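Fold and geometry: a report
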Amino acid sequence: MSSEWKSPPRLTNRWMYFSLILFLLLCVNPALSQKAQPENASLPKYDLQTETKIKGVIDEVNLLSVGTRKDFTELIIKNGDDKAHIYLSPKPFQEEMGISFSKGDQIAVTGSKVKQEASDVILARELVKGTDTLMFRDDKGKPVWDSRTGK
């Protein structure tokens, strides 16, 4: 018997590389073929055609779950006997900007009146509080905060 060492056949190395490539393709292909979910698909969309202006006094400040966010600020304002629900922005955006709201604050809002589930809400684009004008959306209605971080 000969004691010399023999290298494994090249077929084994090729098969190993082929198996590795096949494995990677099988893992990566499903991830690539998935359709990306539209960003915040359940959020109401700003509509320039329904833009309106409203003034009132803040009656309530609430944090809501809107889309994937659990920290979206809603203001309920009163103007006489009428109440309006105003959706502002995620709370982290307001904290970063140093913005706060309290019951009794007098405000004026420019925003889009849209349906959210069965009720009307106003998606705030601009809000005036005292001498401050706060922008929540650009002139086309696109939010000015980062949708991933809420800031």
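Relevant structure appears above.
Summary of the structure given here. (Residues numbered from 1 in each chain as written. Predicted model: local features only at pLDDT ≥ 70, side-chain atom pairs only at ≥ 80, totals over all residues. Heavy atoms only, no water.)

**Details of the overall build of the protein**
For the protein, the count of helices and strands is two helices and six strands. Overall, the protein shows an N-to-C arrangement of helices and strands of α-β-β-β-α-β-β-β. Looking at the protein as a whole, 31% of its 151 residues qualify as buried. Here the analysis covers contacts within the protein between residues at least 6 apart in sequence; of these, 47% occur between residues at least 24 apart. For the protein, the accessible surface area stands at approximately 10800 Å², while carbon and sulfur atoms represent 54% of it. (Helix = DSSP H or I, 4+ residues; strand = E, 2+ residues; numbered from the N terminus. Buried < 20%, exposed > 50% of the residue type's maximum accessible area, 1.4 Å probe, protein only. Contact = heavy atoms within 4.5 Å. Areas by Shrake-Rupley, 256 points an atom, 1.4 Å probe, with all protein chains shown as cover.)

**Topic: the environment of D82**
Within the secondary structure layout, D82 lies in strand β3 (residues 82-90). Using a relative accessible area of 57% as the deciding quantity, one classes D82 as exposed. C-alpha separation for the pair D82 and G56, spaced 26 residues apart in sequence, amounts to 9.2 Å.

**Concerning the pattern of salt bridges**
Evaluated as defined, the whole model comprises five salt bridges. Put simply, K129 and D105 hold a salt bridge, and the shortest N to O gap is 3.4 Å. Of this pair, K129 sits in strand β5 (residues 119-129) while D105 sits in the loop between α2 (91-97) and β4 (106-116), and the two are 24 residues apart along the sequence. What makes D105 buried here is its relative accessible area of 18%. Among the ionic pairs, D146 bridges to R148, the shortest N-O distance being 3.1 Å. (Salt bridge = Lys/Arg side-chain N within 4 Å of Asp/Glu carboxyl O.)

**Notes on the nonpolar core**
Formed by 24 residues in total, the largest nonpolar core has its most connected members in L75, I86, L88, F101, L127 and F136. For this core, the elements supplying multiple residues, two or more each, are β1 (51-66), β2 (69-79), β3, β4 and β5. Looking at this core, the element that brings in the most residues is β5, giving five residues. Excluding anything up to four places from it in sequence, L88 contacts F72, T73, L75, Q94, F101, A124, L127, F136 and W145. (Core = buried A, V, L, I, M, F, W, Y, C linked by side-chain atoms within 4.5 Å.)

**A closer look at the side chain of Q94**
Relative to the helices and strands, Q94 resides in helix α2. Only 3.1 Å separates the side chain of Q94 from the side chain of S89, close enough to count as a polar contact. (Polar contact = N/O pair within 3.5 Å; in protein donor to acceptor, adjacent residues only side chain to side chain.)

**Looking at the packing of aromatic side chains**
Here the structure, examined in full by the defined rule, presents four aromatic pairs. Three or more aromatic residues joined by ring pairs make a cluster, and in this case those are F72, Y87, F93, F136 and W145. (Phe/Tyr/Trp six-rings, centres within 6.5 Å; stacked < 30°, edge-to-face > 60°.)

**A closer look at the pairing of β5**
As paired strands, β3 and β5 are joined by two bridges and run parallel to one another. The residue of β5 that forms the bridge with Y87 is L123. Connecting β4 to the next strand, β5, in antiparallel fashion are two residues, including E117 with a positive phi near 60°. Between β5 and the antiparallel strand that follows it, strand β6 (residues 132-135), lie two residues; G130 among them carries a positive phi value of about 65°. (Pairing = 2+ DSSP bridges.)

**Looking at the pairing of β1**
Direction of pairing for β1 relative to β4: antiparallel, over a ladder of seven bridges. Bridging across to β4, E51 finds its partner in S112. Count of turn residues in the β1/β2 antiparallel hairpin: two residues, of which G67 carries a positive phi of about 65°.

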